[in-house]
Amino acid sequence: MKRTGIALALAFAAANLHAAGGLLYVHTARGASEIGFGGAKTAAVAGMSGEAKDAKISGGKGVFAVLSNKTAFLLAEDSELEIGKFEQVAPFKDDLSNESESTTSACEMTLKKGALHVRAPQLRPTSSLKIKTPEAELEAESRGFSVSTNGGKTEVLPVEGALFVKTKNGKTDIVKTGQRAVVCGGKITIDYARVSELEAAKKKIAQCKSAADTTLFKCGEKISAERSVKKSFFGYGQNFD
C-alpha cells in the first residue's frame, strides 16, 4: 500500500511539476580545495555555485557545501567526492526557518576516498539520498550521518536516524543511531559506536546544519543561492574556519 501511494505521488508530481538540475553552493572552503562544475576544475571559493550534477570536489583542508534541497555536507581534508545525480522538482520556495524539504529530490554521490559528514532536511517520502563508496552503497533514512572510506574499508556512523547498507556482493543491513557499521571484504559488521565517535560526528553535523541555515536558495527561471542569516542564528553560529 505504501509503495502504491508513493508511485501515485510520483506520477502526480511528474504531471504537475518538472525535475530540474539542482544547485550546489560552496559555503566554506579551506586550504587548497578544488571543485569542478561541468568538467572545468577550479579552486573552491566560498560563495560560488553551479549545477550539482557531475560536480567533483577535492577536500583540500575541507569544504562545506549545501545542495538546493538544503542537504549540507562537510567533505573532510584530503577527501574526494563526485555528485553523479541531483535532481529537484521545481519550482520551489526556500525558507531559512524550514527544516523540511520543500520539494522532491533525488541525489546520488560517490565518496572516492576520505570522510564525508552529511546533514539532510526531513526528506519527502518520494525523495532519495544515496552515497556510494568503493565497498558499499548507502541509502539514507537518517538526517545526520558520517561515512568514511580508506584502505578497502567503509565505516558508517548515523547520529540521527538509520542507513541502509549494501555491499558490492549484495549483502544488506540497517545501521541505526548509536551503532557503527564497517564494510570490508564484502561483509557488514555492526557494533555499538564509542561515545567519543558519536560526539565528534555530532559536532561536524551541527556545523553542516549551520551551513544550511545560513544559505538561501531562490527558484525563479533559474536556481540561485546566497549567504543569509536568520535572526536566531546570531549568538549561536558555528566556527567554520
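Before any of the text, the structure's been laid out above.
Rules of the game
- Residues numbered from 1 in each chain as written.
- Predicted model: local features only at pLDDT ≥ 70, side-chain atom pairs only at ≥ 80, totals over all residues.
- Heavy atoms only, no water.
- Helix = DSSP H or I, 4+ residues; strand = E, 2+ residues; numbered from the N terminus.
- Buried < 20%, exposed > 50% of the residue type's maximum accessible area, 1.4 Å probe, protein only.
- Polar contact = N/O pair within 3.5 Å; in protein donor to acceptor, adjacent residues only side chain to side chain.
- 1 Å grid on protein atoms, 1.4 Å probe; cavity = no way out; pocket = protein on both sides within 12 Å on 5 of 7 lines; lining within 4 Å.
- Points joined across faces, edges and corners; volume = space filled by probe spheres on them.
- Nonpolar A, V, L, I, M, F, W, Y, C, P; charged D, E, K, R; others polar.
- Contact = heavy atoms within 4.5 Å.
- Salt bridge = Lys/Arg side-chain N within 4 Å of Asp/Glu carboxyl O.
- Pairing = 2+ DSSP bridges.

Chemist: Could you clarify how one ought to interpret the side chain of Ser-142 in this entry?
Modeler: Following the sequence through the fold, Ser-142 ends up in the loop between strand 12 (136-140) and strand 13 (144-150). Residue class for Ser-142 comes out buried when judged on its relative accessible area of 3%. Within polar-contact distance, the side chain of Ser-142 engages the backbone oxygen of Gly-144 at 2.7 Å. Polar contacts involving the side chain of Ser-142 include one to the main-chain carbonyl oxygen of Glu-160, which spans 2.6 Å.

Chemist: Would you mind showing me how to read empty space enclosed by the protein here?
Modeler: Unfilled space is identified by rolling a water-sized probe across the atoms. Taken as a whole, this structure holds two cavities of 30 Å³ or more when the rule is applied. Every residue along the wall of the largest cavity is listed here: Lys-70, Leu-96, Ser-97, Asn-98, Glu-99, Arg-119, Pro-121, Lys-209, Ala-212 and Asp-213. At three residues, the largest contribution of residues to the lining of the largest cavity is made by helix 2 (residues 195-213). Counted by class, the lining of the largest cavity contains three nonpolar, two polar and five charged residues. Its volume calculated, the second largest cavity comes out at about 70 Å³. Around the second largest cavity, the lining residues are Ser-68, Asn-69, Lys-70, Phe-92, Lys-93, Asp-94, Asp-95, Asn-98, Ser-100, Glu-101 and Ser-102.

Chemist: Would you mind showing me how to read the environment of Ala-225 here?
Modeler: Relative to the helices and strands, Ala-225 resides in strand 20 (residues 223-227). Through-space distance from the C-alpha of Ala-225 to that of Thr-215 is 6.9 Å; in sequence the pair is ten residues apart. Those residues in contact with Ala-225 that sit more than four places away from it in its chain are Leu-23, Tyr-25, Leu-216 and Phe-217.

Chemist: What's the story with the pattern of salt bridges in this structure? I'm lost.
Modeler: For side chains bearing opposite charge, pairing can occur when the charged atoms are close. Enumeration according to the criterion identifies 15 salt bridges in this entry. The salt bridge involving Glu-77 is made with Lys-61; its shortest N-O contact spans 3.1 Å. Taken as a pair, Glu-77 in the loop between strand 8 (72-75) and strand 9 (80-90) and Lys-61 in the loop between strand 6 (56-58) and strand 7 (62-67) lie far apart in primary sequence, 16 residues in all. Between Arg-180 and Asp-191 there is a salt bridge; the shortest N-O distance is 3.9 Å. A residue pair is termed long-range when its members are at least 10 positions apart, and Arg-180 in strand 17 (residues 179-184) and Asp-191 in strand 18 (residues 187-192) qualify at eleven residues. Judged by relative accessible area, Arg-180 falls into the buried class, the value being 17%. Residues joined by salt bridges that share partners form a network here, namely Lys-153, Glu-155, Arg-180, Asp-191, Arg-194 and Glu-197.

Chemist: Whenever I open this one, the pairing of strand 7 confuses me. Can you help?
Modeler: Strand residues, when the strand is regular, have side chains that alternate between the two faces of the sheet. Burial of strand 7 is extensive: six of the six residues sit out of reach of the surface. Across the two faces of strand 7 the burial is the same, with Gly-62, Phe-64 and Val-66 and Val-63, Ala-65 and Leu-67 all buried. Taken together, the four bridges between strand 7 and strand 8 define a ladder with antiparallel strand orientation. Residue pairing across strands places Phe-64 opposite Leu-74, the latter belonging to strand 8. Joining the antiparallel neighbours strand 7 and strand 8 is a turn of four residues, in which Lys-70 adopts a positive phi near 75 degrees.

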